[in-house]
There are 2 protein chains.
Amino acid sequence: MTALINRQWVMTSRPENMVSRENFTFQEVPVPELNDGEFLVKSIYMSFDPTLRAWMNERDTYVKAIAIGEVMRCNSVGEVIASKNDKFKIGDKVMGGIGWQDYCVTTGANILPFQVLPKGVPLTMPLSIFGITGLTAYFGMLEVADLKEGQTVVVSGAAGATGSVACQIAKLKGCKVIGIAGGPEKCKNLTEFFGLDHAIDYKNDNVKAKLREYCPNGVDRYFDNVGGPILDNVLDQIAMHGKVVLCGAISDYNTDNPSGPKSYTRLIVMRASMQGFIILDYAKRFPEAISALTHWVQEGKVKYQEDVQDGLENAPEAFQRIFTGKNHGKQLLKVADPTT
Amino acid sequence: MTALINRQWVMTSRPENMVSRENFTFQEVPVPELNDGEFLVKSIYMSFDPTLRAWMNERDTYVKAIAIGEVMRCNSVGEVIASKNDKFKIGDKVMGGIGWQDYCVTTGANILPFQVLPKGVPLTMPLSIFGITGLTAYFGMLEVADLKEGQTVVVSGAAGATGSVACQIAKLKGCKVIGIAGGPEKCKNLTEFFGLDHAIDYKNDNVKAKLREYCPNGVDRYFDNVGGPILDNVLDQIAMHGKVVLCGAISDYNTDNPSGPKSYTRLIVMRASMQGFIILDYAKRFPEAISALTHWVQEGKVKYQEDVQDGLENAPEAFQRIFTGKNHGKQLLKVADPTT
């Protein structure tokens, strides 16, 4: 057969601050022939996660940094359209590290390893509620935060893919939940659609005053997706023996001069702690989490939202949306329709 | 009898940055008559602890902030020279919150409550090795840090009263211990007198490079007394599942614009944590700690140093010494000789 043409976004420079189209080069290359053990995947949906921004920096994190000249990484859902691998058959829907391109040839082993999806699963769900974002909320809240009924829980990035699920899990566990998000529309969504007790609009409210009002006895648990000045505001209101669960620091990802939490000494005064975690450490327990989340989604106790943009050529802008707060729910990009 | 004259230092303004003589007023007042239940204590040794600096700020911490016009607080050892309280007899040596003055009249209840010392105890020891500083090292290392044999432990302010004891406890527990202190003399003392594995001179060494050299597998436990840029350097080298024990942040106490640890997101990447604590939470277990420390001191396994300045009139400068690093060991000030 004539070689397929593969459009791909290659990282050609590291962003100093906000990631942009300038950091990538769009190119077309032929898809290579398959060797034994390999299979060919066509990209259907791409997922954008904040952690990818950290992978673009020179320093290795919990995975190897993306190299200059490497196809930009992401987790995707795709379809196997050719295979010399017994475990992956033509027509299989798979999730894995396809990256920012139409096609990838792989053995299945990857920094984001490939797995076959159960038949009949809506193709966006493995990237949203059952994806890294939903699983992060699950283990972050139930394992790291170690929630107790009646606690006051604050979540930043609360309207995001991880934050919104984290908030709802805390509600399920009998906590008072306050979400922080940007803009009145997102905040209305937090209380009316996701059922939170209160929402704070960091773009328009005095966050510090609102935290005092909504958390008069202090913040027992803070699930932090953003870092920056909001982390300081919460530390100023942290409860005795409170705990900050560090999930991410999206406000710092696109700057080369992050400020650091000036109020961290409140941890001393309040005998409080700050704990980081990485979802990969819980990989063996993903089936348990997916089972619990499925149950909650079916019962209507956990809702989720997806924001699906369109077209591989728009990948850099879709990625930017999660840093500028334009996304409403999990940021995805549709690359192609499935064949089957 | 003619009323005794009491010289005292009253806090008359709050320091914005470095505490200085300007923040206090030296005055002489007559000692009042005793009411029933009260006793009169003569100050012998004053103790200077970094935490007092935080008490001078307007915001309450774990105790009520010092009020403008209040005698500056400190923990001291003194002697009961008159008493209308059955529990405190003339001649008793006591420890408690006498403050920056020659005499105090008290019922014994105080933010720093009074207790009678066992007979024969050297009068400086309850303020140094058995004082807040030694006890902080004990519980910080054994309870909060949760040390394990073979771990790599870094201590900042390592030549100080708390740090030097913390280092030695970590050595006793079979850890590799690296101390950070200012100047070659203190560093030599750390390895030669206190028996640490390595010392880093933050005034002359490249701290980051030295940490990499001495902790090639990362820092498992960091006992932090200083905050500031050194905390960032250690976070950059924190080990997987490492822990920062926040004891203090002396580098931040005398500034109104502390920077905060810019590298705190390493806690996420390394699944690490940062935990604050306050020694008062362990008050019920002080006898256990004093017993263990006594044992170690007698066996020569824990050594300590005291830096005794002289004269109540020099109190502001003696206090400054702990923030400028001039002290060698626990900073005390001798106010008077005991009567008996």
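So, how was this worked out
The numbering scheme is per chain: residues are counted from 1 as the chain's sequence reads. Think of it this way: whatever chain is written first is A, whatever ligand is written first is 1, and the rest follow in order. The predicted nature of this model means local features are confined to residues of pLDDT at least 70 and side-chain atom pairs, given and counted, to a pLDDT of 80 or more, with totals for whole chains, interfaces and linings taken over all residues. Water and hydrogen atoms were dropped before computing side-chain values, which therefore reflect all heavy atoms in the structure. A pair is scored as a salt bridge if a Lys or Arg side-chain nitrogen falls within 4 Å of a carboxyl oxygen belonging to Asp or Glu. Numbering of helices and strands runs from the N terminus; a helix is a DSSP stretch of H or I covering at least four residues, while a strand is a stretch of E covering at least two. Each residue is assigned to one of three classes by its accessible area relative to the maximum for its type, calculated with a 1.4 Å probe on protein chains only: buried under 20%, partly exposed between the two thresholds, exposed over 50%. Domain boundaries shown here were taken from an automatic or database domain assignment. Note on terms: buried area is the combined drop in 1.4 Å-probe accessible area of two parts once they are placed together, counting the loss on both. Classification used: nonpolar for Ala, Val, Leu, Ile, Met, Phe, Trp, Tyr, Cys and Pro, charged for Asp, Glu, Lys and Arg, polar for all others including Gly. Here a residue-residue contact requires only that any non-hydrogen atoms of the pair lie within 4.5 Å. In the analysis that follows, any N or O atom pair within 3.5 Å is treated as a polar contact, provided that within protein one partner can donate a hydrogen and the other can accept it, and provided that, for residues neighboring in sequence, both atoms belong to side chains. At least two DSSP bridges between two strands are required for those strands to pair. What a helix should span is 1.5 Å times the count of its residues minus one. To be clear, the arc concerns the directions from the helix axis to the C-beta atoms. Stacked, edge-to-face and tilted are the three classes for Phe, Tyr and Trp ring pairs, Trp counted by its six-membered ring, which pair at centre distances within 6.5 Å; planes under 30 degrees apart are stacked, over 60 edge-to-face, the rest tilted. Cation placement over rings: the criterion is NZ of Lys or CZ of Arg within 6 Å of the ring centroid and within 35° of the ring normal. Copy-to-copy superposition: least squares on the C-alpha atoms, limited to residues that have pLDDT of at least 70 in both copies. Interaxial angle, 0 to 180 degrees, is taken between N-to-C directions of lines fitted to C-alpha atoms, where a helix line uses only the stretch in contact. Working rule for angles: under 35 degrees goes down as roughly parallel, over 145 as roughly antiparallel, 65 to 115 as roughly perpendicular, anything else as oblique. Should the near helix be turned counterclockwise from the far one by less than a right angle, the crossing is left-handed, whereas a clockwise turn marks it as right-handed.

(A) Quick peek at the pattern of salt bridges. The full count for this structure, using the stated rule, is 32 salt bridges over all chains. Between A:R271 and B:D281 there is a salt bridge, and its shortest N-O distance comes to 2.7 Å. Highlighted residues: A:R271 in the loop between α8 (266-269) and β13 (273-276) and B:D281 in the loop between β13 (273-276) and α9 (286-298), drawn from two different chains. A residue is classified by how much of its surface remains accessible, and A:R271, at 11% relative accessible area, is buried. With its nearest N and O atoms 3.2 Å apart, the salt bridge here joins B:D146 to B:K148. For B:D146, a relative accessible area of 40% puts it in the partly exposed group. Connected through shared salt-bridge partners, A:R7, A:D102 and A:E313 make up one network.

(B) A look at the domain arrangement of chain A. Residue and element names in this part refer to chain A. Taken domain by domain, chain A holds domain 1 (5-128 + 304-334) and domain 2 (132-280). For domain 1 and domain 2, the distance between their C-alpha centroids amounts to 29 Å. Taking both sides of the interface into account, the surface hidden between domain 1 and domain 2 amounts to around 1,600 Å²; carbon and sulfur atoms contribute 52%. The interface formed by domain 1 and domain 2 includes zero salt bridges. Among the elements that line the side of domain 1 that touches domain 2, the one with the most residues is helix α10 (residues 315-324), at three residues. Considered class by class, the residues forming the side of domain 1 that touches domain 2 number eight nonpolar, 10 polar and four charged.

(C) Quick peek at the interface of chain A and chain B. Between chain A and chain B, the contact holds 36 residues from the first and 36 residues from the second. Around 2,700 Å² of area is buried between chain A and chain B when both sides are counted, 56% of it from carbon and sulfur atoms. Considering only the side of chain A, the residues that lose the most area to chain B are A:Y264, A:I268 and A:R271, jointly responsible for 26% of the buried surface there. Our count for the chain A to chain B interface comes out at four salt bridges. Scanning the region where chain A abuts chain B turns up seven residue pairs in polar contact (both at pLDDT 80 or more). Taken together, the residues of the side of chain A that touches chain B sort by class into 15 nonpolar, 12 polar and nine charged. Alignment of β13(A) against β13(B), held across three bridges, turns out to be antiparallel. Following the sheet pairing, A:M274 is matched in β13(B) by B:M274.

(D) Spotlight on helix α9 (residues 286-298) of chain A. Residue and element names in this part refer to chain A. In this model α9 runs 18 Å from its N-terminal to its C-terminal C-alpha over 13 residues, within 8% of the 18 Å that 1.5 Å per residue would give. Residues of α9 that are buried: F286, A289, A292, L293 and W296. One side of α9 carries all its buried residues, which in axial view fall inside an arc of 130°. In α9, the exposed residues that point more than 90 degrees away from the buried face are P287 and Q298. The inward-facing, buried residues of α9 contact α2 (132-144) and α3 (161-172). In the stretch just after α9, G300 is the one whose phi turns positive, near 80°.

(E) Molecular detail of the packing of aromatic side chains. Within the structure shown, the criterion is met by 32 aromatic pairs over all chains. Between B:W100 and B:F319, the aromatic rings sit 5.6 Å apart at their centres with planes inclined by 85°, giving edge-to-face as the arrangement. Here B:W100 is found in the loop between β5 (93-96) and β6 (103-106), whereas its partner B:F319 is found in helix α10 (residues 315-324), with 219 residues between them in sequence. Taking the relative accessible area as the measure of exposure, B:W100 reaches 0% and is therefore buried. Its relative accessible area of 0% is what places B:F319 among the buried residues. Chaining the aromatic ring pairs together yields one cluster made of A:W9, A:F24, A:F26, A:F48, A:W100, A:F319 and A:F323. If you follow A:K303 out to its NZ or CZ, it ends over the ring of A:F193, 4.8 Å from the centre.

(F) Representation of the relation of the copies chain A and chain B in the model. Its rotation angle being 180°, the transformation that places chain A on chain B also includes 0.0 Å of axial translation and leaves an RMSD of 0.0 Å. A rotation of that kind, with that shift, is consistent with a two-fold axis. Looking at chain A, 100% of its interface residues are interface residues in chain B too, so the copies touch through the same face.

(G) Spotlight on the environment of A:N254. All names here are of chain A. You can see N254 is positioned in the loop between α7 (250-253) and α8. Linking N254 and E16, residues 238 residues apart in sequence, is a C-alpha distance of 7.2 Å. Those residues in contact with N254, other than ones at most four positions away along the chain, are N17, M18, V19, R53 and F323.

(H) Structural view of unusual backbone geometry. Here A:D146, not a glycine, exhibits a phi torsion of approximately 50°, which is positive. By the secondary structure assignment, A:D146 is in the loop between α2 and β8 (152-156). Phi is positive for B:R271, close to 50°, though the residue is something other than glycine.

(I) Layout of the packing of helix α2 (residues 132-144) of chain B against helix α3 (residues 161-172) of chain B. Residues and elements named next belong to chain B. Orientation of α2 relative to α3, taken along the N-to-C sense of each, is 40°, at an axis distance of 8 Å. What the angle tells us is that α2 and α3 run oblique. You can see that α2 and α3 cross each other, and the crossing is right-handed. Touching T133, G134, T136, A137, Y138, M141 and L142 of α2 are A161, T162, V165, A166, I169 and A170, all from α3. Grouping the amino acids of the contact of α2 with α3 by side-chain chemistry returns nine nonpolar, four polar and no charged.

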